Amino acid sequence: MFTGALVVAAVLGLIALAGSWWTVPAAVATVLGTLLADRFLAWLRPVLLGPSYAERLQRLEADAARATERNRIAREIHDSVGHALSVVTVQASAARKLIERDPGFAADALATIETASRRAASELDEMLGLLRDETRRPAASASGLDSLDGLLTMARSAGLSVDATVPGPTPRSQPSCSSAWRP
């Protein structure tokens, strides 16, 4: 727009040299009007054209990151609650069948049910809190190799035969999990 204004001003200036006095103010008005129109259109550009490509790309990347995090949280909720429900189901079934023959085992099974339920409720509460408040960061998770022994103990207390092997070096010294335990 500025270049066009300069061309119009130059043409009007040439006409002014030919002797028409009105062309000088017309040239000045044309340049100033074009500059004002340029500033006005630059101010309206975001409204007329919407966000720039870089802004749209940045927004899409942020949306994708949020969706990825929400999917991760959903998987964690599924894993945590699903595991706890499996343990609770097995323990409740075993306790129901053995409550008269082995009340000590039934009491242990009920304690395991209580522990698994509390842990699942706590993890569910934490994960749902993350979904509600995207600015919140997850607390240190008890999942991973650090909780392997607890998971194995819980499974074994349900009467399951468990054999776990952790290949390669572990980040912390873990008790050996390679031997199978049989009730």
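Residues numbered from 1 in each chain as written. Predicted model: local features only at pLDDT ≥ 70, side-chain atom pairs only at ≥ 80, totals over all residues. Heavy atoms only, no water.

Colleague: Looking at this structure, how should I read a nonpolar patch on the surface?
Modeller: A cluster of nonpolar side chains, contributed by Phe40, Leu41, Trp43, Val47, Leu48 and Leu49, occupies part of the molecular surface with about 730 Å² of accessible area. For Leu49, the position within the fold is in helix α2 (residues 23-49). Here Leu49 falls in the exposed class, since its relative accessible area comes to 66%. (Patch = residues over 30% accessible without salt bridge, like charges linked within 9 Å, V, L, I, M, F, W, Y side chains within 5 Å. Areas by Shrake-Rupley, 256 points an atom, 1.4 Å probe, with all protein chains shown as cover. Salt bridge = Lys/Arg side-chain N within 4 Å of Asp/Glu carboxyl O. Helix = DSSP H or I, 4+ residues; strand = E, 2+ residues; numbered from the N terminus. Buried < 20%, exposed > 50% of the residue type's maximum accessible area, 1.4 Å probe, protein only.)

Colleague: Where do I start with helix α4 (residues 103-132) in this structure?
Modeller: Residues spaced three or four apart along an α-helix face the same direction, because each turn holds 3.6 residues. For α4, with 30 residues, the first-to-last C-alpha span of 43 Å sits near the 44 Å given by 1.5 Å per residue. Inspection of α4 places Ala106, Ala109, Thr112, Ile113, Ala116, Ala120, Met127, Gly129 and Leu130 among the buried residues, and these make up the whole buried set. (Expected span 1.5 Å × (residues − 1).)

Colleague: Before we go on, may I ask you to explain the pattern of salt bridges in this structure?
Modeller: One side chain can pair with another of opposite charge once the charged atoms of both are near each other. Counting across every chain of the model gives 5 salt bridges. When the shortest N-O distance is used, the salt bridge between Arg39 and Asp38 registers 3.2 Å. Residue classification places Asp38 among the partly exposed positions, given a relative accessible area of 25%. Across the salt bridge formed by Arg72 and Glu76, the nearest N and O atoms sit 2.1 Å from each other. Of the two residues, Arg72 and Glu76 are both situated in helix α3 (residues 53-98); the distance of 4 residues between them amounts to about one turn of the helix. Residue Glu76 is classed as partly exposed on the basis of its relative accessible area of 29%. Three or more residues joined by partner-sharing salt bridges are found here, namely Glu69, Arg72 and Glu76.

Colleague: Any chance you could explain the packing of α3 against α4 here in plain terms?
Modeller: To describe two helices that pack against each other, one gives the angle between their axes and the distance between the axes. With their axes 9 Å apart at the nearest point, α3 and α4 run at an angle of 165° to one another. The angle between α3 and α4 falls in the class roughly antiparallel. Crossing handedness for the pair α3 and α4: left-handed. A per-class count over the contact of α3 with α4 returns 22 nonpolar, 4 polar and 3 charged. (Axes fitted to C-alpha atoms, helices over the stretch in contact; angles between N-to-C directions. Parallel < 35°, antiparallel > 145°, perpendicular 65-115°, else oblique. Left-handed = near helix turned anticlockwise from the far one by under 90°. Nonpolar A, V, L, I, M, F, W, Y, C, P; charged D, E, K, R; others polar.)

Colleague: Explain the nonpolar core to me, please; I cannot follow it from the model alone.
Modeller: When a protein is soluble and globular, its nonpolar side chains tend to lie buried together. Ala5, Ala9, Leu12, Ala27 and Val31 together form the largest nonpolar core, which totals 5 residues. Elements supplying a minimum of two residues to this core: α1 (2-17) and α2. No other element matches α1, which puts 3 residues into this core. When near neighbours in sequence (up to four residues on either side) are disregarded, Leu12 contacts Thr23, Ala26, Ala27 and Thr30. (Core = buried A, V, L, I, M, F, W, Y, C linked by side-chain atoms within 4.5 Å. Contact = heavy atoms within 4.5 Å.)

Colleague: Sorry, what's going on with the environment of Arg70 here?
Modeller: If you trace the backbone, Arg70 turns up in helix α3. You can call Arg70 partly exposed: its relative accessible area is 36%. Note: C-alpha distance between Arg70 and Leu131 (61 residues apart in sequence) is 6.7 Å.

Colleague: Where do I start with the confidence of the model for the protein chain in this structure?
Modeller: Caution applies to low-pLDDT regions: their predicted coordinates should not be interpreted in detail. The share of residues in the protein chain with pLDDT of 70 or more is 78%, and the mean pLDDT across the chain is 77. Element-level mean pLDDT values for the protein chain span from 69 in helix α5 (residues 148-157) up to 89 in α3. Across residues 173-183, confidence stays below pLDDT 50; counting only partners more than four residues off in sequence or on other chains, it has 24 contacts. (pLDDT = per-residue confidence, 0-100.)

Colleague: Looking at this model, I keep getting lost on α3. Mind explaining?
Modeller: Here α3 spans 67 Å end to end across 46 residues, near enough to the 68 Å set by a 1.5 Å rise per residue. Taken together, the buried positions of α3 are occupied by Ile73, Ile77, Ser80, Ala84, Val87, Val88, Gln91, Ala94, Ala95 and Leu98.

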